[in-house]
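Each chain, letter by letter, is given below.
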Amino acid sequence: MGPVRVLELYSGIGGMHQALTESCISAEVVAAVDVNTVANEVYKHNFPSTPLWAKTIEGITLTELNRLSFDMILMSPPCQPFTRIGLQGDVSDPRTNSFLYILDILPRLQRLPKYILLENVKGFETSSARDKLVETLKKCGFKYQEFLLSPTCLGIPNSRLRYFLIAKLQSELFSFQTPGQILENFPDQEPKASVKHRVAAGLEKESCFMPPKEEYIDPNSGSDGGSGQCSQKEAFVFKLETAKEMEKKWNQDSNLSIQMLKDFLEEDGEEMSQYFLPPKALLRYAFLLDIVTPSCRRSTCFTKGYSHYVEGTGSVLQTAEDVQLQSVFKSIEMLSEEEKLMKLSTLKLRYFTPREVANLHGFPPEFGFPDKITMKQRYRLLGNSLNVLITPAHNHG
Ligand SMILES: C[S@@+](CC[C@H](N)C(=O)[O-])C[C@H]1O[C@@H](n2cnc3c(N)ncnc32)[C@H](O)[C@@H]1O
């Protein structure tokens, strides 16, 4: 049997292709399809021998698809129609049209693919698009399994909860026995991390870090270890953070099954100066930043607006590790702008570099960007991409 013939739809910078490569399955991407010219440049740079179709998915004809004769579809359709902050247009959002086109064409293919893998945001699982997908899969005779997974399950210190669906034709062996259930972990799995990033200590301790709710402080229960801070509902302790939020972060940082961020960072050098937060951003947004240090075992999801928008787009790194965050923020609102800035500057806050975001997303060191791709474009593309190591294509060949 020859290599598995793979069709990669919505290929972007090739996160799915990279996951496939890392899985070591004998496979060949016979076509990758995306309309984004910048993403396509990056894709070509990393996978120069893969046929890249720079066109819309709706523009591919049934004849063209039949001719490709593929065994597997990998796809990450646009997620904006399903995000909680978006308008949740779902199937009525025009950005879902190409996906509906795929669902329409699938049953009409001369030969059905044996395997399908889809990735999307949390929120997709309750959408009509998902219901249509499942309906189509059943009609075509596929078995399927759904997952909600975050890289933290693999010991990676980055939260990026995503929906995955894997489907196999009935005739193929399928190891999942929980139809109708969304799995929040790989059933048979110990935590994994890439060999390069693996830390020896503590990896075997917990198989998946989904902090149980009871681990957080309930602000109303008073079970906060005696500090009493939580009796006041949602009171800020410092930096607009409640005791509950601080406790959650503390729990994450204490979870030894997760690696420290330092394993994913680039070495300090002169070129790092471009990543430091400018004074204006420090003054305006300091209270909204999620600040982590190299020894933290967590970071928030890096989105496409990272470094451009500050709130909720990803953590920033405090490089002055010996400075106490709490002491910097204590009574800071009483200070003049100049004094505030002086205090905040002691933290030496910088953005994660695109390379570091790529590391946290599981891209190997040899994955790169053409020189002409700007820093903002790199963040944008990485934010749109996926974690290579978490994809079931990587984990369940
Ligand atoms: C969520 S991103 C997928 C990213 C990809 N998995 C990666 O690793 O970079 C969605 C991609 O779909 C592309 N796209 C959106 N609508 C499309 C369409 N109708 N036809 C082709 N590509 C489309 C976008 O340009 C974007 O790159």
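Residues numbered from 1 in each chain as written. Predicted model: local features only at pLDDT ≥ 70, side-chain atom pairs only at ≥ 80, totals over all residues. Heavy atoms only, no water.

Taking an unreviewed UniProt entry as the reference, the protein is identified by name as tRNA aspartic acid methyltransferase 1 belonging to Gopherus evgoodei. Its UniProt record gives the protein the following Sequence similarities (unreviewed entry) comment, quoted word for word: "Belongs to the class I-like SAM-binding methyltransferase superfamily. C5-methyltransferase family." (UniProt positions renumbered as here; feature names shortened; annotations may be inferred.)

(A) Seen up close, the site of the ligand. Around the ligand, 19 residues are found, and the nearest of them are I13, G15, D34, E58 and S385. In this structure, D34 approaches the ligand through a side-chain N or O atom, which is 2.7 Å from an oxygen atom. Measuring from a nitrogen atom of the ligand, one finds a backbone N or O atom of I57 at 3.0 Å. Starting from 600 Å² of accessible surface for the ligand in isolation, the protein chains cover 87%. When grouped by side-chain class, the residues that make up the shell around the ligand number six nonpolar, 10 polar and three charged. (Near = heavy atom within 4 Å. Polar contact = N/O pair within 3.5 Å; in protein donor to acceptor, adjacent residues only side chain to side chain. Areas by Shrake-Rupley, 256 points an atom, 1.4 Å probe, with all protein chains shown as cover. Nonpolar A, V, L, I, M, F, W, Y, C, P; charged D, E, K, R; others polar.)

(B) How the structure looks around the sheet that holds strand β12 (residues 316–318). Across the sheet, which stays open at both edges, the three strands sit in the order β11-β12-β13 with mixed pairing between neighbours. Each edge of the open sheet is held by one strand with a lone partner, namely β11 (291–292) and β13 (349–351). Across three bridges, β12 lies against β13 in antiparallel orientation. Each bridged residue has a counterpart across the sheet, and for Q318 the counterpart in β13 is L349. (Pairing = 2+ DSSP bridges. Helix = DSSP H or I, 4+ residues; strand = E, 2+ residues; numbered from the N terminus.)

(C) Summary view of the side chain of S150. When you line up the elements, S150 lands in the loop between β6 (142–149) and β7 (162–169). Within the local environment of S150, its side chain forms a polar contact with the backbone nitrogen of R160, the two atoms lying 3.1 Å apart. In contact with S150, not counting residues within four places along its chain, are N158, S159, R160, L161 and I390. (Contact = heavy atoms within 4.5 Å.)

(D) Local environment of the nonpolar core. Formed by 64 residues in total, the largest nonpolar core has its most connected members in I13, F147, V316, F329, L349 and F352. For this core, the domains that each give at least three residues are domain 1 (4–194) and domain 2 (244–381). Contacts of I13, omitting those with residues within four sequence positions, involve A39, V42, Y43, F47, F363, F367, L381, L382 and S385. The next biggest cluster of nonpolar side chains, apart from the first, holds 37 residues, and it includes L68, F70, L118 and Y163. (Core = buried A, V, L, I, M, F, W, Y, C linked by side-chain atoms within 4.5 Å. Buried < 20%, exposed > 50% of the residue type's maximum accessible area, 1.4 Å probe, protein only. Domains from an automatic or database assignment.)

(E) Seen up close, the sheet that holds strand β3 (residues 52–53). On the basis of which strands lie adjacent, the open sheet formed by eight strands has the order β3-β2-β1-β4-β5-β7-β6-β8 and mixed pairing. Lying at the two open borders of the sheet, with one neighbouring strand each, are β3 and β8 (182–183). In this structure, strand β4 (residues 72–75) lies alongside strand β5 (residues 115–121), joined through four bridges in parallel fashion. The residue bridging M75 from the neighbouring strand is L118, located in β5.

(F) Structural detail: the pairing of β4. Burial along β4 is two-sided: the residues M72 and L74 and I73 and M75 are all buried. Relative to β4, strand β1 (residues 4–9) is paired through four bridges, and the arrangement is parallel. Each residue of the ladder has a partner; that of E8, found in β4, is L74.

(G) The arrangement of helix α4 (residues 97–105) in detail. Looking at α4, one finds that the buried residues are S98, F99, I102, L103 and I105. On the buried face of α4, the contacting elements are β1, α3 (62–68), β4, β5 and α5 (128–140).

(H) Layout of empty space enclosed by the protein. This structure, assessed with the given rule, holds five cavities of 30 Å³ or more. Its volume calculated, the largest cavity comes out at about 80 Å³. Lining of the largest cavity is provided by L7, L9, I57, I60, L65, F70, I73, Y101, I102, I105, L106 and L109. Looking at the lining of the largest cavity, the elements with two or more residues in it are β1 and α4. Element by element, the count of residues in the lining of the largest cavity is highest for α4, at three residues. (1 Å grid on protein atoms, 1.4 Å probe; cavity = no way out; pocket = protein on both sides within 12 Å on 5 of 7 lines; lining within 4 Å. Points joined across faces, edges and corners; volume = space filled by probe spheres on them.)

(I) Examining the environment of L183 more closely. Assignment of secondary structure puts L183 in strand β8. Between the C-alpha atom of L183 and that of F164, which follows or precedes it by 19 residues, the distance is 9.6 Å. Non-local contacts of L183, meaning those with residues more than four positions away in its chain, are made with Q145, E146, F147, L148, L149, F176 and T178.

(J) A look at the packing of α4 against α5. Taken N-terminus to C-terminus, the directions of α4 and α5 make an angle of 15°; their axes are 10 Å apart at the nearest point. In terms of orientation, α4 and α5 fall into the roughly parallel class. Taken as a pair, α4 and α5 cross one another with a handedness that is left-handed. For the pair α4 and α5, contact is made by F99, L100 and L103 and by A129, K132, L133 and T136, respectively. Here the residues of the contact of α4 with α5 sort into five nonpolar, one polar and one charged. (Axes fitted to C-alpha atoms, helices over the stretch in contact; angles between N-to-C directions. Parallel < 35°, antiparallel > 145°, perpendicular 65-115°, else oblique. Left-handed = near helix turned anticlockwise from the far one by under 90°.)

(K) The arrangement of the pattern of salt bridges in detail. One pass over the full model with this rule turns up 13 salt bridges. D71 is paired through a salt bridge with R111; the nearest N and O atoms lie 3.2 Å apart. Taken together, the residues D71 in the loop between α3 and β4 and R111 in the loop between α4 and β5 connect sequence positions 40 residues apart. A relative accessible area of 37% means that R111 is categorised as partly exposed. Each of K249, D253, D290 and R298 takes part in a single network of salt bridges with overlapping partners. (Salt bridge = Lys/Arg side-chain N within 4 Å of Asp/Glu carboxyl O.)

(L) Region of the structure containing the UniProt feature "active site" (unreviewed entry) in the protein. In the numbering used here, UniProt assigns the "active site" (unreviewed entry) feature to C79. Given the relative accessible area of 24%, C79 is considered partly exposed. Among residues more than four places away in sequence, those in contact with C79 are N120 and V121.

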